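Inside the fold
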Amino acid sequence: TGRCARRRTRWPSRWRPEAGPVNRSRARGYSLVELVVVVTLILVLTAMIVPVARFNWTRMKEMELKEELRTMRSAIDEYKRLSDQGLIPVELDTEGYPKSLEKLVEGVELVGQVKKVRKFLRKVPVDPMTGEATWGLRSLQDDFDSTSWGRQNVYDVYSLSDRKALDGTKYKDW
């Protein structure tokens, strides 16, 4: 008769007093095996991501280098074009090229125009491969593969980095 009169509720086994003591440490956290598996997966994913991130970083720096070289070479070409047209006074032994990169930043007065200064660069750009605003320079009189500058003029610029590009060439050969 006590069975019908008393309603039994369904308690989860860990709350039932007759189920005995419950191992609470197992119910609250992760096992050591689970933690080791998770850490191993994180390490594997990191090992896969790092080379890809380095490749992308190097590719981005190479694109910056190409852009900076293109900008400076275009400024040198524009200076030469204006000197060939007689709009810029040509200094002795420069062949119409600028004497230095700073000359492209400072600008030059145009011939026949009152106080009109033509600037070709805002500043000498930073070489992304070396992190400095110093560049290798070649004058028109230097050999095409020369690494020493004759100081007559600035005919070409190149990076001073000795590292190799992703395509196997050296940055200083670009």
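Refer to the structure above for everything that follows.
Figured I'd write up the structure that's included with this text.

1. A few points about the overall build of the protein
A tally of regular secondary structure across the protein gives four helices and four strands. Along its sequence from the N terminus, the protein presents helices and strands in the succession α-α-α-α-β-β-β-β. Contacts in the protein between residues at least 24 apart in sequence constitute 46% of all its contacts with a sequence separation of at least 6. Per element, the accessible surface of the protein, about 13,200 Å² overall, is 55% carbon and sulfur.

2. Here's the deal with the pattern of salt bridges
The final tally for this structure, using the stated rule, is eight salt bridges. In this structure, Lys80 and Asp84 form a salt bridge, with 3.0 Å as the shortest nitrogen-oxygen distance. Taken together, the residues Lys80 and Asp84, both in helix α3 (residues 32-84) and four residues apart, mark about one turn of the helix. Taking the relative accessible area as the measure of exposure, Asp84 reaches 53% and is therefore exposed. It is possible to trace a salt-bridge network through shared partners that takes in Arg73, Arg138 and Asp156.

3. Re the packing of aromatic side chains
This structure, assessed with the given rule, holds three aromatic pairs. Ring centres of Tyr171 and Trp174 lie 5.2 Å apart, and the angle between their planes is 75°; on these two criteria the pair is classed as edge-to-face. Side by side, Tyr171 and Trp174 carry an identical accessibility label, which is buried. Its end group placed over the ring of Trp174, Lys66 keeps NZ or CZ at 5.2 Å from the ring centre.

4. Points about α3
For α3, built from 53 residues, the straight-helix expectation of 78 Å at 1.5 Å per residue is met to within 8% by its first-to-last C-alpha distance of 77 Å. Among the residues making up α3, those that are buried are Lys61, Glu62, Leu65, Leu69, Met72, Ala75, Ile76, Tyr79, Lys80, Leu82 and Ser83. Looking one or two residues past α3, Gly86 carries a phi angle of roughly 80°, positive in sign.

5. A few points about unusual backbone geometry
Within the chain, Glu95 stands out as a residue other than glycine whose phi angle is a positive 60°. Within the secondary structure, Glu95 sits in the loop between α3 and α4 (101-106). Its identity as a non-glycine residue notwithstanding, Arg151 has a phi of 70°, on the positive side. By secondary structure assignment, the location of Arg151 is in the loop between β3 (136-138) and β4 (156-158).

About the cut-offs
Residues numbered from 1 in each chain as written. Predicted model: local features only at pLDDT ≥ 70, side-chain atom pairs only at ≥ 80, totals over all residues. Heavy atoms only, no water. Helix = DSSP H or I, 4+ residues; strand = E, 2+ residues; numbered from the N terminus. Contact = heavy atoms within 4.5 Å. Areas by Shrake-Rupley, 256 points an atom, 1.4 Å probe, with all protein chains shown as cover. Salt bridge = Lys/Arg side-chain N within 4 Å of Asp/Glu carboxyl O. Buried < 20%, exposed > 50% of the residue type's maximum accessible area, 1.4 Å probe, protein only. Phe/Tyr/Trp six-rings, centres within 6.5 Å; stacked < 30°, edge-to-face > 60°. Lys NZ or Arg CZ within 6 Å of the ring centre and 35° of its normal. Expected span 1.5 Å × (residues − 1).

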